[in-house]
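Commentary on secondary and tertiary structure
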Amino acid sequence: MPDTVYQHINDNVYNILQKKSYTNDDLYELKTLFKEFFLYLVKDEQQYFPSTFSIIIYCFDKYNIPDLNRNKIRYTWKKLSRVKKKDNKKVYRKQLYELIINFLNFVELISNEKIQQNIIELIPKASIESSTKEAESIYESNIEFLNCIITSRIKKSTKNNIDKKLLYIFCESENYGEIEIFLNNFWAYVWKTVWKGCNVNFFNIKKLKNKENVYVPTPDSQIVIEPNYLLDVTELADCFQSKSVNIYMYFLKKFLPNKTSLPAIAGNIVNSCFDSLISNPKENFDEIFNNALKSKPLPFFVLASKDIESIKKIREIVFNQFLNLKNLVADIKGDRIIVEPTFLSPDFGLQGRLDVLIEYDNEPTRKDIIELKSGKAPSINFSSINQSGAIQASALWHNHLAQTTMYNLLLDSTFTNRVGTSQILYSIDFDFPLRNAPNLIEKKQEVIKYRNWIISIEKALSNNYFQIFDSVANGKENIPKYLENAFNQFAFIYNNLDNLEKLYFHSFASFIFREIRAGKIGTNSLKSKSN
């Protein structure tokens, strides 16, 4: 980092600290300095970052920042992000000192320059010392990974309120024997999705002090039910719509016919262009397009039979994106650029195929992802709602962010201590085609949560619990426009079945789900129920 940047930060911090009293205006000045610094760190990056928070997450990974400093910078930005300009409300010195020290400690990590002595002299020694300490833990020990079998689940009344119930699940594990897991409100859904005999993976759970064999999930935990049941990443990602998550989409699509569409065919050819350009940046467009026609001619015949101009339209769409991709491929840096690698994760119960994986010889643990999308790109100001209900700037469609999040989980599962970034490449956008997809633990927990729900519902369906079909047939909310006609058709047919027809449909669906389940994880009996 140039000395001018480092000196600019120190000079401005020194000017703030010299004041006799502090207001929110001083915090706003610190906020501006904070944002300027992080923008400087990514000034040479080709990808677009929708928010300061996304830059922070990217820098955590790029510079391999320790957990303590990550937590303190997250806390600092959480406080600073709320500060408004021209606010004379007084600020406590202790709070300002804390935020400044957190920021300067981070700058020190990046620049390898010590905090200047003139600043240290203006901050009480106690504030500086406390910045390097972690809060006293309520935990005794940590288990990074635990596989176990659920033996029971119970609700316990609290001492002070018999109506308030605490949720516990009991497990048997090979390494730790019988243990008890307490689930707080955030993890309460797990209590509803597991069953006796359910196989579960726990990541990063901690043992409570003075509690024998009682463990709790933490903000960094993951809980995966039936992890050997590998769910396809794209099928799960389709459940993430712009306003919310609709897991019924996963089940609905299993009963809908596959239809040939112009955007789908164009998208497949754009992917072929991308693959070919990575192998040979001088590849000829006509050759790629004609090879695509020859390799899968039937979809083209279907479209041409309805609209003779459709091939011309597809060619025009693909050619424009081909030109964009040709320029972008030249900027992809890496020692190995691997096209369409497939990954299976029995840790997180996922499987998927990336578009591009980038590896580096000088950083063997770094694995970067690029996922190509040929459809309409969202505005760079687009925001989505996370599972806590907060609005989050992303510049990505919700399902695309979910998809790259699951790819990150696949790589985490495959490569020990993996670091790296993920990006969505919107080939139709010439202004901001490459967009950062932040690698967030909160998003990873969200996608696993809905994966768990799907697995739990499939288990229920295989055991003849059919209420899910009523929910699917009547769950009109958040159905994407391209599926509205198909959904209405399914709902009309299902809701007009007589009792005998519905019984046949339920029985046959239950049989299919049992077969799918048996094919993925086997059956416990010598003779399957489906025989």
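Up top you'll find the structure we're talking about.
Summary of the structure given here. (Residues numbered from 1 in each chain as written. Predicted model: local features only at pLDDT ≥ 70, side-chain atom pairs only at ≥ 80, totals over all residues. Heavy atoms only, no water.)

**Focus: a nonpolar patch on the surface**
Taken together, the side chains of Tyr504, Phe508, Phe511 and Ile512 make up a nonpolar region of the molecular surface, amounting to roughly 400 Å² of accessible area. Along the chain, the position of phenylalanine 511 falls in helix H19 (residues 499–521). Taking relative accessible area as the criterion, phenylalanine 511 reaches 32% and is therefore assigned partly exposed. (Patch = residues over 30% accessible without salt bridge, like charges linked within 9 Å, V, L, I, M, F, W, Y side chains within 5 Å. Areas by Shrake-Rupley, 256 points an atom, 1.4 Å probe, with all protein chains shown as cover. Salt bridge = Lys/Arg side-chain N within 4 Å of Asp/Glu carboxyl O. Helix = DSSP H or I, 4+ residues; strand = E, 2+ residues; numbered from the N terminus. Buried < 20%, exposed > 50% of the residue type's maximum accessible area, 1.4 Å probe, protein only.)

**A look at the pairing of strand S5 (residues 214–225)**
Extensive coverage of S5 is indicated by the burial of 10 of its 12 residues. Relative to S5, strand S3 (residues 177–183) runs parallel, the two sharing two bridges. Each bridged residue has a counterpart across the sheet, and for isoleucine 181 the counterpart in S5 is tyrosine 215. Relative to S5, strand S4 (residues 199–208) runs antiparallel, the two sharing seven bridges. By the bridge assignment for S5, phenylalanine 203 is matched with glutamine 222. Linking S4 to S5, which pair antiparallel, is a turn of five residues; within it asparagine 210 sits at a positive phi near 60°. (Pairing = 2+ DSSP bridges.)

**Some remarks on the sheet that holds strand S9 (residues 350–353)**
Pairing between the strands of a sheet is mediated by backbone hydrogen bonds and can be parallel or antiparallel. Pairing is mixed in the open sheet, where three strands are placed in the order S6-S9-S8. Bordering the open sheet on either side are strand S6 (231–232) and strand S8 (342–345), each of which pairs with just one other strand. Summarising the sheet, S6 and S9 pair through two bridges and their orientation is parallel. Considered in S9, the bridge of aspartate 232 is made with glutamine 351. Docked against the sheet, helix H15 (residues 398–414) engages S8 and S9, running at close to 105° with respect to S9. (Contact = heavy atoms within 4.5 Å. Axes fitted to C-alpha atoms, helices over the stretch in contact; angles between N-to-C directions.)

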